[in-house]
Amino acid sequence: MSKNGTTANKKKKTKLSTAATIAANIAKANATLNNNSNNNTNIGGGNVNSMNGIPSSLPPSVTLPVEELISFAPECLLFSQLLEFEEKLDASINKRLIDIQEASRRNSIKNIRTLRLSIYNTYSNQSAYYHLDNKSLNSVQERPSWSLRVEGKLLDESQDELVNKSIKSLSSSSSSSSNKRKFSSFFKKVFIQIGHRDTCEWDKSQTFTETDGFEIKRNGNQEVDIKILMYLDHVPQKYKVLGGLSQLLNIHTDTKPRIILALWHYIKSNTLLDPETKKITCDENLKNIFSLEELQFNQIPQLLREHLSPPDPLEFQYTLHLSGDAKDYEQAYDIQVEVDEPIFNPNPNMRKEISQLNDEINHHIQKVYQHKRKREFMEKLSSDPLGFLNDTTANLVKDFQVSKSTTSTGFEEERHASFYYQPMTEELVKNYLSKQTTPNPTPQQISMAPSTPQTP
């Protein structure tokens, strides 16, 4: 009896020592996984947590498992209700923003601003030409040349009121004018005629970048006259009123709705509308313009086509100077332009604060996943310690083989379909799918180097 009792005690001690060794190994592996879980690994461009494969930048409503946590953490139900309320609040805010944008488009406030236009030219190697004859001129590498520059900038509101202010006011307001429109955005076409033969044209529809000016370079030593035509880009489109209609409405250039409205005011003020037939009886002025005895209101847009034309361009004359100081011949013009004044401009700092709060929420959700995984680990360990440790050890061995890209010892086992129905396979598939649907990685992520050599 004593021998059998001794043998049984030895077996128990052996099992306990084996279990303790396995538990120690599992604790080390779990500690290693916990250390690695603090960093996110980027495999194949995905943003996935290395411990549990949970996407770190997905919306909180997708990543937080409320149904799984409600059994031991009923407070998470309040979080889900808060998310639902946030979705409704975001939807209402976006709807209001769209309404405000539509209202601002219909009733945009036009602010008259001053656009300062400067025209001047520079030259080089012009003095060398007068000391060389035609034969020696061919050997000179740098030929006489000149550059014409047309530049402009939008003045500040303070400068519009005080145009003759000192230069100090310009430097103090330059920091607040970083969001100004570029000079070329105010024009849709620029045509420059140099002398009688050379021409240049710039079209806004054929360019994608905006600039603060234009420059033309040519080789030559002759002073010529330059003609510059600049077509303003009116938004909405404006038209020039022709002939007698312009004198009747006292309008030179305006938008089509304003022209129709002015004509309607003329008809109402002279009681030319018949209330019964809803027709407009033309007086002598309208007869001379439209050549009709009577007309209907829906005919006015079509009749106005013959009396409207594109607006006249801005015309500037400049003479090229190839001697003296270029500043002495610089020409400056002030052009009145219309600038849209934004009715509602959302604060960009608020968006940054919201994004920071979303990142903080996602960080806390990752912690919830980590604690949930640890709790599941402890529950399974408490229910069946030895069996759970054996299964975990086998899974860790397989994970180690996969991470090191070593050949598996059970090749015959992998040939059967039953091998791919294990719990490990389901977890690997979830990790792979979460990588494929994750957005761009954050700066805190660490890219894992491939275990096998990659061909370029």
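Since the model is a prediction, treat every value here as computed from it, not as a measurement.

Trainee: Looking at this model, I keep getting lost on the sheet that holds strand 13 (residues 308-309). Mind explaining?
Mentor: The pairing of strands in a sheet happens through backbone hydrogen bonds and is either parallel or antiparallel. The three strands are arranged 10-9-13 in an open sheet whose pairing can be described as antiparallel. Single-partner strands in this sheet number two, and they are strand 10 (253-255) and strand 13. Here two bridges tie strand 9 (residues 238-241) to strand 13, and the two strands are oriented antiparallel to one another. Bridge pairing in strand 13 links V241 to L308. On the sheet, helix 10 (residues 256-269) packs against strand 9, strand 10 and strand 13 and is oriented at approximately 100° with respect to strand 10.

Trainee: Just to check I follow, could you spell out the sheet that holds strand 6 (residues 198-203) for this structure?
Mentor: Taking strand neighbours across the sheet as the criterion, the four strands line up as 6-5-8-14 in an open arrangement whose pairing is antiparallel. Each edge of the sheet is formed by a strand with only one pairing partner; in this case those strands are strand 6 and strand 14 (314-319). Averaged over all neighbouring strand pairs, the angle between strand axes comes to 15°, with direction disregarded. Bridge count between strand 5 (residues 187-194) and strand 8 (residues 225-232): seven bridges; the pairing is antiparallel. Counterpart to K189 in the pairing with strand 8 is Y231.

Trainee: Where do I start with the pattern of salt bridges in this structure?
Mentor: Oppositely charged side chains may form a pair once their charged atoms are brought near each other. All chains considered together, the criterion is met by 14 salt bridges. In this structure, the salt-bridge partner of D212 is K182, at a minimum N-O distance of 3.5 Å. In this pair, D212 is assigned in the loop between strand 6 and strand 7 (213-219) and K182 in the loop between helix 8 (167-173) and strand 5, connecting sequence segments 30 residues apart. One salt bridge in this structure joins D198 and R218, with 2.6 Å as the shortest N-O distance.

Trainee: Would you explain the pairing of strand 8 in this entry?
Mentor: When a strand is regular, its side chains alternate between the sheet's two faces. Where strand 8 and strand 14 come together, six bridges link them in antiparallel fashion. By the bridge assignment, L229 is partnered in strand 14 with E315.

Trainee: How should I be thinking about helix 10 in this particular structure?
Mentor: Every α-helical turn comprises 3.6 residues, leaving residues that sit three or four positions apart pointing alike. An ideal rise of 1.5 Å per residue puts 20 Å on 14 residues; helix 10 measures up with 20 Å between its terminal C-alpha atoms. Among the residues making up helix 10, those that are buried are I259, I260, A262, L263, Y266 and I267. Burial along helix 10 is one-sided: seen end-on, the buried residues are contained in an arc of 160°. Seen from the buried face of helix 10, the exposed residues on the opposite side, beyond 90 degrees, are P257, R258, K268 and S269. T271 occupies a position one or two residues after helix 10 and carries a positive phi of about 50°.

Procedures and definitions
Residues numbered from 1 in each chain as written. Predicted model: local features only at pLDDT ≥ 70, side-chain atom pairs only at ≥ 80, totals over all residues. Heavy atoms only, no water. Pairing = 2+ DSSP bridges. Helix = DSSP H or I, 4+ residues; strand = E, 2+ residues; numbered from the N terminus. Contact = heavy atoms within 4.5 Å. Axes fitted to C-alpha atoms, helices over the stretch in contact; angles between N-to-C directions. Salt bridge = Lys/Arg side-chain N within 4 Å of Asp/Glu carboxyl O. Expected span 1.5 Å × (residues − 1). Buried < 20%, exposed > 50% of the residue type's maximum accessible area, 1.4 Å probe, protein only. Arc of directions from axis to C-beta.

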